Structures are given as C-alpha cells and as structure tokens.
Amino acid sequence: MFLINCPFCGERDQSEFSSGGEAHIVRPKQPTELSDDEWAEYLFMRKNIKGIQFERWNHIHGCRKWFNVVRDTSNDKILSVYKMGEKPPVNYK
Amino acid sequence: MKNKYSVFSLIKNALSQHENWQQAWGNPEPKKEYEAIIVGGGGHGLATAYYLAKKHNLKNIAVLEKGWIGGGNTGRNTTIIRSNYLWDASAGLYDHALKLWENLSQELNYNVMFSQRGVMNLAHNLQDVRDLKRRTHANRLNGIDAVWLNTEEVKKFCPIINTSPDIRYPVLGGTLQRRAGTARHDAVAWGYARGANEMGVDIIQNCEVKGIKRNGDRVEGLETTKGFIKTNKIGVVAAGHSSVIANMAGLKLPLESKPLQALVSEPVKPIIDTVVMSNAVHAYVSQSDKGELVIGAGTDSYVSYTQRGSHNIVEETLKAILELYPIFSRMKMLRQWGGIVDICPDASPIISKTNIKGLYFNCGWGTGGFKATPGSGDLFAHTIANDEPHKLNAAFNLNRFVSGDLVDEHGAAAVAH
C-alpha cells in the first residue's frame, strides 16, 4: 500500500490506480512478420524485476489517464513519475 | 537411520520430558559438488529432492534455501487441496497430487494432517452456474469426484452461509469435491525434509544463490553465499523469486510476482467443517484445527516482492466474508501476512526443461501451488532425472507460450486458491 503522485491529479492512494505492468514494451511495427518466438516475447515474457522497475499505471478512479512510474519492487518505494511519451529518467538502471 | 515415529516413540519420549527426540534433519555445510541441486527449500523443492532420491536413485543431492525451510509460500498459504480443474492436463496433474496426498502421512511417517473435509465453490450469478456445472461435468469425465449442489443443498452442507435471496450476490448453488480438503502446511515441508535427509539429501539453509555458472549452453554450478558449488543439474523451485534466478542464467520467464495475502482470526469452537470458496465475491474460508478461521484474500494487481500486500485487498475480502457469513461479524482478526506468488498468463504452472542444458524450472504456480506439492515434486523429479517430462507434466512446458498451446485455467483458478 502506497501513495502515487499522479502527474495530472497529485498524490492519491494506490487503490485509486490500476497497474498496467512493465513499461516500454514496444508494440510490433509489422505484426504479420513476427515469428512465434517474437510473439511470445512480446505477449508473455516479462522482466519481473526485483528492484527498480519501469511500469505503467492508470488513474482508473480519477482522471483515467495513463502514465509511467519508476518503482523499487523490493520495497514499493516510488522513485519517479513521468508522462506517457516522455523519456524515462536516466538516473535509474 | 531415523527413528520411526509411532505411538511407542511418543510414549517413550514423553517419559524423558521430550528432551531426547532425534534431530529430524541435519544442518550440513555444502559439499564441493552434487549430482543435482534444488534451489528453494519449500514444499515443492523438498518433495522434488525426496522423489529424486527415492524413485530415481540420485543420492548426492542438495536443497539450497536462502531462509529457513518452509518459511516462504509453504508456510504462508491457506492449505487448500483440491483437483477439480477444468482441462484434462490440469485434471491429470492435480489429481495425481491429490492421490499422493491421500497416502502421504504413511509414506513420510509424518502426520501431515490431511483432512478430506471437502471444498465447496459457490456460484453467485448465471454465468457462474454455467461455468461451474460445466466444470463438474468435465471433472467427472476425468474421473474426479464433483457434484453440483443447489442453494438448499449448499445451506444443508454448510449451514452458516447466508443463502437469503436478497443479499448483493445471492448464492445460486455450488460445486462440491468431497475428496478435497486441507493439510498442515509446515508438516508437509518438515516431513519431506526428514524423508529426503534420511536418504542422504543435504538440506542447506541460509544459503542464497547469487549466480548460475554456464559453459556455453549448459550449466556448471551455482555461486552461493556459501561459495561455489559444482553441479550439472539445477532444479529451480523458487516460487515468487523464479524470475530473479532465471535472470541469473539470462532467461526471461512469462511470470509476474505479486503479493497474495491471507489472515486468521482468533480461535473459536468448531463452526465450519469444510472449505468454502467463492470466485465471484472473492473470499474463501476454512477453520484450522486450532480453531482459527483461515481466510484467503486476493493478490495485488502490481508486481512486488514485499511480502506485505495492500490493506484495501483485505477490506474487500472481509466485506465479502461478512455478507456470506454474518455470524462472523464480531470476530477479531489475529494475524495477516503476504507471500509472493509467481503468476503465469494462463494461470497454470511451468514444470519444464529450458533451452539451457541441465537447467530446469518448476514455477508459475501462482496463487494455488500448495495443493500440488507431492505431485509437483514427483513430476519435477522425473523431469530432472530423465531430462524428459513425465506425460502428466508434458503440457506444462515453457514452450507453450511460443506454440500457443496454453492451459487456460483462469476459470478454475482466477482467484487465489
């Protein structure tokens, strides 16, 4: 349980948000040309990191907008929040 | 040689104030090399080592556990055992486990307190009714006992359920598997540990894996907090931390690790003599032999390794419990905890070889691995020993995420179970 600083609404309880999982998984540009392995990689395989993870969240019970979060999954500390389309902060690896 | 537990050994040790019980398993330092190493000393890992030693004649085996054995999800689940899954592959897997449960206390000479008190799954809307009836038929075609109960029969089987038609999610019926039930989870880990140790398996606690040494496409050993250990067969049974170990070998798995919570109440006299689960309102409850209500909550929606979980999940679960069981309204909850569960996209496990020789994964059990402990260990041991899956776990390979041949058990397993 933690607070998330929505870039549009400010700090709100995590229960107002829904998690969209790992961020920056690029949608295939040419879906018809993907091999089965590439489809599996895109659809199913996840880094599932213990530590600093880049992820998407949706303020589902608020402004309903998507944005990105950098969070440490080993202690749920949120390190950074940035909007969709913005470059991820470089100081986290 | 371990002394056999019996009523006579109990009397004998009672006379010496229980001070002379033999140690159930040793606490060795790791050897330089093993034939096979199991990473993870939970129920599944210890069972794997036990069946490797017992059925496949491997004697030089170690189980590495970063904490203490059974201190992870084995000691954190709500101990429910059932096999009423929809698809043939799952039915085969889980019923294999259930059959092993039925004789496990005798097999291990350790009382795992397996109690076939039945598991009832409730239906609260028409789609639930259709799904659960379909599942009942599928179960019976696979030789798994299952019956459909209407509302009156549900009430008769478990009288404290509120079956009034005016509640938010009225009970329209339910399924019952009478062979299903519960077991004492710690005893399962301890029984397998004792049994495996008797056959020469080294159980090494407080030993965390830090890296996997590879030579080309095969494994050579493990870097651990107790030094390098050589082996050419590694079975990873690390539950929520499977992805962490996979990353060490440069593998990616189709898993997400999430906190799953449970809680127990203060102990009371016997009030519910079965297990009742409800997917639609997401609550399940049983009563432990100590008298505590054991209540399962849901998973959080986000990846986390914190072993905590959010308060709102507990709140929602208790709301559902109170609507179904108004009699519990003044019960006090004693403890709440979380475990990290590794969830597959199709809610089915992975018991599989990988494309790295000598590296095997048993993971993805998600919210319901405890019930499969003996079967999972048996089939994973077979897979490791023969470098080939048993026919019962062939469908649960890693390649199914490439071929698309998923075992979609969300209908039977979407909630924590």
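Since the model is a prediction, treat every value here as computed from it, not as a measurement.

Caption draft 1: Representation of the overall build of chain A. Along the backbone of chain A there are 1 helix and 6 strands. If you list the helices and strands of chain A from N to C, you get β-β-β-α-β-β-β. With the C-alpha coordinates aligned to their principal axes, the bounding extent of chain A is approximately 45 × 25 × 25 Å. Considering chain A as a whole, with its 93 residues, one finds that 35% of them fall into the buried category. Counting only contacts in chain A whose residues sit at least 6 apart along the sequence, the fraction spanning at least 24 positions is 44%. Of the accessible surface of chain A, which amounts to about 5600 Å², a share of 49% is contributed by carbon and sulfur atoms. Positive and negative side-chain charges of chain A, numbering 14 and 13 respectively, have mean locations separated by a distance of 6 Å.

Caption draft 2: Highlighting the pattern of salt bridges. All names here are of chain B. Under the defined criterion, the tally for this structure stands at 22 salt bridges over all chains. Where Asp-346 meets Arg-400, a salt bridge forms, and the shortest distance between an N and an O atom there is 2.7 Å. In this pair, Asp-346 sits in the loop between strand 17 (333–343) and strand 18 (350–353) while Arg-400 sits in helix 11 (residues 400–403), placing the two residues 54 residues apart along the sequence. The exposure class assigned to Asp-346 is buried, which follows from its relative accessible area of 1%. Each of Asp-95, Lys-99, Glu-102, Asp-145 and Arg-179 takes part in salt bridges that share partners, so that together they form one network.

Caption draft 3: Expanded view of the packing of aromatic side chains. Within this structure, the stated rule accounts for 16 aromatic pairs over all chains. Relative to Phe-67 of chain A, the ring of Phe-17 of chain A lies with its centre 5.9 Å away and its plane at 85°, an arrangement referred to as edge-to-face. Placement of the pair is Phe-17 of chain A in the loop between strand 2 (10–13) and strand 3 (18–22) and Phe-67 of chain A in strand 5 (residues 66–72), with a sequence separation of 50 residues. For Phe-17 of chain A, a relative accessible area of 5% corresponds to the buried category. An aromatic cluster is built from Phe-2 and Trp-57 of chain A together with Tyr-302 of chain B, whose rings are joined through pairwise contacts. Just above the ring of Phe-8 of chain A sits the side chain of Lys-65 of chain A; from NZ or CZ to the centre is 4.7 Å. The ring of Tyr-5 of chain B has Arg-194 of chain B sitting right over it, with the charged end atom 3.7 Å from the ring centre.

Caption draft 4: Seen up close, helix 5 (residues 126–141) of chain B. All names here are of chain B. Taking 1.5 Å per residue, 16 residues should reach 22 Å; helix 5 reaches 23 Å between its end C-alpha atoms and fits that length. When helix 5 is considered as a whole, its buried residues turn out to be Asp-128, Val-129, Leu-132, Arg-135, Thr-136, Ala-138 and Asn-139. Just beyond helix 5, the residue with positive phi is Gly-143, at close to 75°.

Caption draft 5: Up close: the confidence of the model for chain B. Per-residue confidence for chain B averages 95 on the pLDDT scale, and 98% of its residues sit at or above 70. Interface scoring of the predicted complex returns ipTM 0.95; its pTM is 0.96.

Caption draft 6: Structural detail: the interface of chain B and chain A. Between chain B and chain A, the residue contacts involve 26 residues of the former and 24 residues of the latter. When the buried surface of chain B facing chain A is broken down by residue, Lys-252, Tyr-302 and Val-402 of chain B rank first, second and third, together holding 29% of it. Summed over the shared surface of chain B and chain A, the number is 1 salt bridge. In this structure, the salt-bridge partner of Glu-41 of chain A is Lys-252 of chain B, at a minimum N-O distance of 2.8 Å. Applying the counting criterion to the chain B and chain A interface returns 11 residue pairs in polar contact (both at pLDDT 80 or more). Sorting the residues of the side of chain B that touches chain A by element identifies helix 8 (242–248), strand 13 (256–265), helix 9 (311–324) and helix 11 of chain B as the ones contributing at least two each.

Caption draft 7: Geometry of the sheet that holds strand 6 (residues 173–177) of chain B. All names here are of chain B. Judged by pairing direction, the sheet is mixed, and its 8 strands sit side by side in the order 5-6-4-14-15-16-13-17 without closing on themselves. Looking at the sheet topology across the chains shown, the edges are occupied by strand 5 (147–149) and strand 17. With direction set aside, neighbouring strand axes in the sheet form an average angle of 20°. Bridging between strand 5 and strand 6 involves 3 bridges; their strand directions are antiparallel. What sits directly across from Leu-149, in strand 6, is Gly-174. Along the sheet, helix 5 contacts strand 4 (119–123), strand 5 and strand 6; its crossing angle with strand 4, the most-contacted strand, is approximately 145°. Lying over the sheet, helix 9 contacts strand 4, strand 13, strand 14 (275–278), strand 15 (283–287), strand 16 (293–299) and strand 17, oriented at roughly 130° with respect to strand 16.

Quick notes on the rules
Residues numbered from 1 in each chain as written. Chains lettered and ligands numbered in written order. Predicted model: local features only at pLDDT ≥ 70, side-chain atom pairs only at ≥ 80, totals over all residues. Heavy atoms only, no water. Helix = DSSP H or I, 4+ residues; strand = E, 2+ residues; numbered from the N terminus. Buried < 20%, exposed > 50% of the residue type's maximum accessible area, 1.4 Å probe, protein only. Contact = heavy atoms within 4.5 Å. Areas by Shrake-Rupley, 256 points an atom, 1.4 Å probe, with all protein chains shown as cover. Lys, Arg positive; Asp, Glu negative; His and termini not counted. Charge placed at Lys NZ, Arg CZ, Asp CG, Glu CD. Salt bridge = Lys/Arg side-chain N within 4 Å of Asp/Glu carboxyl O. Phe/Tyr/Trp six-rings, centres within 6.5 Å; stacked < 30°, edge-to-face > 60°. Lys NZ or Arg CZ within 6 Å of the ring centre and 35° of its normal. Expected span 1.5 Å × (residues − 1). pLDDT = per-residue confidence, 0-100. Buried area = accessible area lost by both parts, 1.4 Å probe. Polar contact = N/O pair within 3.5 Å; in protein donor to acceptor, adjacent residues only side chain to side chain. Pairing = 2+ DSSP bridges. Axes fitted to C-alpha atoms, helices over the stretch in contact; angles between N-to-C directions.

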